[in-house]
Amino acid sequence: MAFENILVVCVGNICRSPIAEALLAKQYPEKNIDSAGVSAVVGHGADSKAIKVMQDDDIDISAHIAKQINESLVTRADLILTMSDSQTKWIENQWPHSRGKTFKLGHWTNKDIADPYKLDEQAFITAKQDIENSLKQWTDKIS
């Protein structure tokens, strides 16, 4: 099955999921990539440190606007990638029909992506590296 609509989820939708969304969009420009938060800072832009670590790769996420995950986003997605087991469980409890298409980004290595929110720039660099490494494990499933 081809994953054409991919939703990336974190807590606030201002740090990790915008980074993952942008990396996926760069790798798969033909796919519909979106992101949301389980408790989103709705209407806010990406964290300034997230914007900076992405600029190092010539990716601009400054136009990102945080939004809350909802039924319509979950229904539209073919694949939902979260940052932790607890986020996966939360989504599956809210929308039981999402079981089987909701996975932790670090599923293949059982890795959680630590939240860099309110931490230093190094935490954002680490989060981005962890996201990139985890995305590599999905390449043959998404392509």
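Residues numbered from 1 in each chain as written. Predicted model: local features only at pLDDT ≥ 70, side-chain atom pairs only at ≥ 80, totals over all residues. Heavy atoms only, no water.

Looking at the state of the cysteines
Right, so step 1: Counted according to the given criterion, the structure contains zero disulfides.
Right, so step 2: Free of any disulfide, C10 has its nearest neighbouring cysteine sulfur in C15, separated by 6.7 Å.
Right, so step 3: What makes C10 buried here is its relative accessible area of 2%.
Right, so step 4: In this structure C15 comes out as buried when scored by relative accessible area, which is 3%. (Disulfide = S-S within 2.5 Å. Buried < 20%, exposed > 50% of the residue type's maximum accessible area, 1.4 Å probe, protein only.)

A short note on the environment of A46
Right, so step 1: Position of A46 relative to the elements: it lies in the loop between β2 (32-37) and α2 (48-55).
Right, so step 2: The exposure class assigned to A46 is buried, which follows from its relative accessible area of 11%.
Right, so step 3: A sequence separation of 15 residues divides A46 from I61, and the C-alpha atoms of the two residues are 7.0 Å apart.
Right, so step 4: Not counting residues within four places of it along the chain, the set of residues in contact with A46 comprises I14, I51, I61 and H64. (Helix = DSSP H or I, 4+ residues; strand = E, 2+ residues; numbered from the N terminus. Contact = heavy atoms within 4.5 Å.)

Description of the environment of D58
Right, so step 1: Take D58: it is sitting in the loop between α2 and α3 (71-76).
Right, so step 2: Each C-alpha atom, one on D58 and one on E4, is 24 Å from the other, the two residues being 54 residues apart in sequence.

A closer look at the pairing of strand β3 (residues 79-82)
Right, so step 1: The alternating pattern of β3 places L79 and L81 and I80 and T82 on opposite faces, both of which are buried.
Right, so step 2: Alignment of strand β1 (residues 5-10) against β3, held across three bridges, turns out to be parallel. The partner of L7 across the bridge, within β3, is I80.
Right, so step 3: Sheet topology places β3 next to strand β4 (residues 102-104); three bridges connect them, and they run parallel. Residue pairing for β4: I80 is matched across the bridge by T102. (Pairing = 2+ DSSP bridges.)

Remarks on the side chain of K128
Right, so step 1: Its location among the elements puts K128 in helix α5 (residues 121-136).
Right, so step 2: Judged by its relative accessible area of 10%, K128 falls in the buried class.
Right, so step 3: Of the polar contacts made by the side chain of K128, one reaches the backbone oxygen of V53; its length is 3.1 Å.
Right, so step 4: Non-local contacts of K128, meaning those with residues more than four positions away in its chain, are made with I19, V53, M54 and D57. (Polar contact = N/O pair within 3.5 Å; in protein donor to acceptor, adjacent residues only side chain to side chain.)

Considerations on the nonpolar core
Right, so step 1: By size, the foremost hydrophobic cluster in this structure holds 32 residues, and its most contacted members are I6, L24, I61, L105, I131 and I142.
Right, so step 2: Residues within four places of I61 in sequence aside, it is in contact with P18, A22, A46, A50, I51 and M54.
Right, so step 3: Within the second largest apolar cluster, 11 residues are counted, among which are I69, L73, A77 and W95. (Core = buried A, V, L, I, M, F, W, Y, C linked by side-chain atoms within 4.5 Å.)

Things to note about the environment of N5
Right, so step 1: Locating N5 in the fold gives a position in strand β1.
Right, so step 2: Judged by its relative accessible area of 18%, N5 is buried.
Right, so step 3: Among residues more than four places away in sequence, those in contact with N5 are N32, R76, A77, D78 and L79.
Right, so step 4: Within the structure, N5 has its side chain in polar contact with the side chain of N32 (distance 2.8 Å).

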